[in-house]
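Notes for the structure review
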Amino acid sequence: PPAARRAAPVPAGAQSPVPGVVDVVTGNGAFYRIDTALVVPQVDPATWRLRVHGMVEREVTLALDELLAEDLVEAHVTLACVSNPVGGDLVGTALWLGLPVRALLERAGPLPGADMVLSTSADGFTASTPLPVLLDDRDALLAVGMNGDPLPAAHGFPVRMVVPGLFGYVSATKWLTDLEVTRFADREAYWTARGWSAEGPVKTASRIEVPRRGAVVAAGDVGVGGTAWAQHRGITGVEVQVDDGPWEAATLADEISVDTWRQWSWTWAAEPGRHVLRVRAADPDGVQTGRRADVVPDGATGWHEVDVEVRG
Ligand SMILES: Nc1nc2c(c(=O)[nH]1)N[C@H]1C(S)=C(S)[C@@H](COP(=O)(O)O)O[C@H]1N2
Ligand SMILES: [Mo]
């Protein structure tokens, strides 16, 4: 269905001018896929129901035709996986169409003391999302559309959650069937039971996409570019360092919104030899940490580096 509130068009300057940087809006076919499903669940849209229950004033059940008849909103949101290593590609940006989760939760009426919503998939996967994040004014969606198409089966058809600012494992339940309003003290989600953190706010991250690791380039001006993200906070700066030189400000591409990644570019006066390029981003809270951490339990940190050979 058409959106009651359309997303603003993507600014022409949102795409990094450096050739080879990823598309600023990720096509559905190129969008990463992460889930525990060995076989993609097939959910019948005719019998699909979403049940909202638990610590609520009244239970609500929604059928798909009822959801589609609501005032749906469109928003560009970048989704990232907690398992994404520094420099990795388990991250993507799409135009999502859906019903704000808030609208449904307000109908159910969360009871005092509740602090979490446990979302469950048709295949039993669960995610624990802080209740306040689903009630504030961000575009946390029960998404039915992705880049103008119905949600692809692999991305959760007919309905999934998308929540700006949180890693997928605590928010982006695909093949969604159930929302239980509860407390972190009472319920534990799929990955939390396996050693991952109960809460998963995204960490500020950046990567160099051009030149690629191990690239051989000609001396002189070399276009360097990539992507940075700090969903729901926004990227305010990106800096590049060559070897042990000074950090230099990159040019930021236009922002789609604070809920999406932001591309950048920088021109390197490359001199012959082997060099290391390094990137770091800033959000309104400060500069991305250079301390290296593994993906477990709540997401990798550290600055992305690529080694490049410059031929004279
Ligand atoms: N049902 C279900 N939903 C899920 C998952 C899952 O394993 N099962 N994985 C989550 C994780 S870890 C991520 S990062 C996102 C990935 O969404 P995508 O496959 O559409 O990119 O889905 C989330 N939703
Ligand atoms: Mo993930």
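Sequence order as written defines the numbering, with residues in each chain counted from 1. Just so you know, chain letters begin at A and ligand numbers begin at 1, following the order they were written in. For a predicted model such as this one, the threshold for reporting local features is a pLDDT of at least 70, and the threshold for listing and counting side-chain atom pairs is 80 or more; totals across whole chains, interfaces and linings nevertheless cover every residue. Here the side-chain values reflect all heavy atoms present in the structure, with hydrogen atoms and water set aside.

Residues in close proximity to ligand 1 total 19 residues, the closest being Tyr-32, Thr-36, His-155, Arg-160 and Lys-174. Contacts described as polar in this section are N or O atom pairs within 3.5 Å, which, within protein, must combine one atom able to donate a hydrogen with one able to accept it, while residues neighboring in sequence count only if both atoms come from side chains. Residue Tyr-32 places a main-chain N or O atom 2.6 Å away from an oxygen atom belonging to ligand 1. At 3.0 Å from an oxygen atom of ligand 1 is found a main-chain nitrogen or oxygen belonging to Ile-34. Alone, ligand 1 offers 530 Å² of accessible surface; in the complex the protein occludes 98% of this. The criterion for a residue being near a molecule or strand is simple. One of its heavy atoms has to lie within 4 Å of it. Per-residue and other accessible areas were derived by the Shrake-Rupley procedure at a 1.4 Å probe size, with only the shown protein chains allowed to occlude residues.

Attention now moves to the pairing of strand β14 (residues 237–242). Most of β14 sits out of view: 5 of its 6 residues are buried. Strand pairing is assigned whenever DSSP identifies at least 2 bridges connecting the two strands. Numbering of helices and strands runs from the N terminus; a helix is a DSSP stretch of H or I covering at least four residues, while a strand is a stretch of E covering at least two. Both β14 and strand β15 (residues 248–249) contribute to a ladder of 2 bridges, which runs antiparallel. Paired with Val-240 across the bridge in β15 is Glu-248. If you look at the hairpin formed by β14 and β15, you'll find 5 residues sitting between the two strands, and Asp-243 has a positive phi there, around 50°. For each residue, the accessible area found with a 1.4 Å probe, counting protein chains only, is set against the maximum for its type, and the residue is called buried under 20%, exposed over 50%, and partly exposed in between.

It is worth spelling out unusual backbone geometry at this point. Following Phe-157, the chain continues to Pro-158 via a peptide bond in cis, the omega torsion being 5°. Among the secondary structure elements, Pro-158 is positioned in the loop between β8 (149–150) and β9 (160–162). A cis amide bond, omega -5°, links Val-210 with the succeeding residue Pro-211. Positive phi is not limited to glycine here, since His-232 has a value of about 75°. For His-232, the position within the fold is in the loop between β13 (220–229) and β14.

Here we come to the layout of surface pockets. Any empty space left between atoms is shown by rolling a water-sized probe over those atoms. Cavities and pockets were defined on a 1 Å grid built over protein atoms only: a cavity is a set of grid points that admits a 1.4 Å probe from which the probe cannot escape, a pocket is an open set flanked by protein on both sides within 12 Å along at least five of seven lines, and lining residues are those with an atom within 4 Å of any such point. Grid points are joined across faces, edges and corners, and a volume is the space filled by probe spheres set on the points. Here the largest pocket defines a volume of roughly 440 Å³. Surrounding the largest pocket, 21 residues form its lining, Gly-87, Asp-89, Arg-207, Glu-209 and Arg-212 being those nearest its centre. Residue assignment for the lining of the largest pocket shows that the elements contributing at least two residues are β4 (91–100), β11 (205–210) and β20 (304–311). Residue classes in the lining of the largest pocket are distributed as 8 nonpolar, 6 polar and 7 charged. Here the term charged refers only to Asp, Glu, Lys and Arg, the term nonpolar to Ala, Val, Leu, Ile, Met, Phe, Trp, Tyr, Cys and Pro, and the term polar to all other amino acids, Gly among them.

Attention shifts here to the sheet that holds β11. Strand order in the open sheet formed by 4 strands is β11-β13-β17-β16, and the pairing between neighbours is antiparallel. Here the strands that pair on one side only, and so sit at the sheet edges, are β11 and β16 (251–252). Summarising the sheet, β13 and strand β17 (residues 262–270) pair through 9 bridges and their orientation is antiparallel. Bridge assignment links Ala-228 to a residue of β17, and that residue is Arg-262.

Let us look at the nonpolar core. Grouped together as the largest cluster of nonpolar side chains are 51 residues, with contacts concentrated most on Leu-142 and Leu-179. Contributing elements (two or more residues each) for this core: β1 (49–54), β2 (60–63), α1 (64–68), β4, α2 (101–108), α3 (131–135), β7 (141–146) and β10 (176–182). Contacts of Leu-179, omitting those with residues within four sequence positions, involve Leu-50, Arg-51, Val-52, His-53, Val-101, Leu-104, Val-117, Leu-118, Ser-119, Leu-142 and Met-161. Residues grouped as a nonpolar core are buried Ala, Val, Leu, Ile, Met, Phe, Trp, Tyr and Cys residues, joined through side-chain atoms within 4.5 Å. Of all hydrophobic cores here, the second largest spans 22 residues; its members include Val-240, Val-242, Ala-250 and Ala-281. Pairs of residues are marked as contacts when any of their non-hydrogen atoms sit within 4.5 Å.

Taken as a whole, α2 has its buried residues at Val-101, Leu-104, Leu-105 and Ala-108. Down the axis of α2, the buried set is contained in an arc of 100°. They therefore lie on one face. Just downstream of α2 lies Gly-109, where phi reads positive at about 75°. Read the arc as the range of directions from the helix axis to the C-beta atoms.

One can read the domain layout of the protein as domain 1 (49–194) and domain 2 (205–311). Counting residues at the interface gives 21 residues for domain 1, matched by 18 residues for domain 2. Together, His-76, Thr-78 and Val-86 form the three largest contributors to the area buried by domain 1 at its contact with domain 2, with a combined 31%. Put simply, a salt bridge is a Lys or Arg side-chain nitrogen that is within 4 Å of an Asp or Glu carboxyl oxygen. The tally of links from domain 1 across to domain 2 stands at 0 salt bridges. Our count for the domain 1 to domain 2 interface comes out at 5 residue pairs in polar contact (both at pLDDT 80 or more). Secondary structure elements with two or more residues in the side of domain 1 that touches domain 2: β3 (73–80) and β4. The dominant element in the side of domain 1 that touches domain 2, judged by the number of residues it contributes, is β3, at 5 residues. In terms of residue class, the side of domain 1 that touches domain 2 is built from 10 nonpolar, 9 polar and 2 charged. Each domain's extent is set by a domain assignment, obtained either automatically or from a database. When two parts are brought into contact, each loses some accessible area as probed by a 1.4 Å sphere; the total of that loss over both is the buried area.

The pairing of strands in a sheet happens through backbone hydrogen bonds and is either parallel or antiparallel. The strand order across the open sheet formed by 5 strands is β2-β1-β10-β5-β6, and the pairing between neighbours is mixed. Lying at the two open borders of the sheet, with one neighbouring strand each, are β2 and β6 (126–130). Averaged over neighbouring strand pairs, the angle between their axes works out to 15° when direction is ignored. Taken together, the 4 bridges between β1 and β10 define a ladder with parallel strand orientation. Residue Val-52 lies in a different strand from β10, and its bridge partner there is Leu-179. Seen against the sheet, α2 touches β1, β2, β5 (116–121) and β10 and runs at an angle of roughly 140° to β2. With axes taken as lines fitted to C-alpha atoms, and helix axes fitted only over the stretch in contact, angles between N-to-C directions fall between 0 and 180 degrees.

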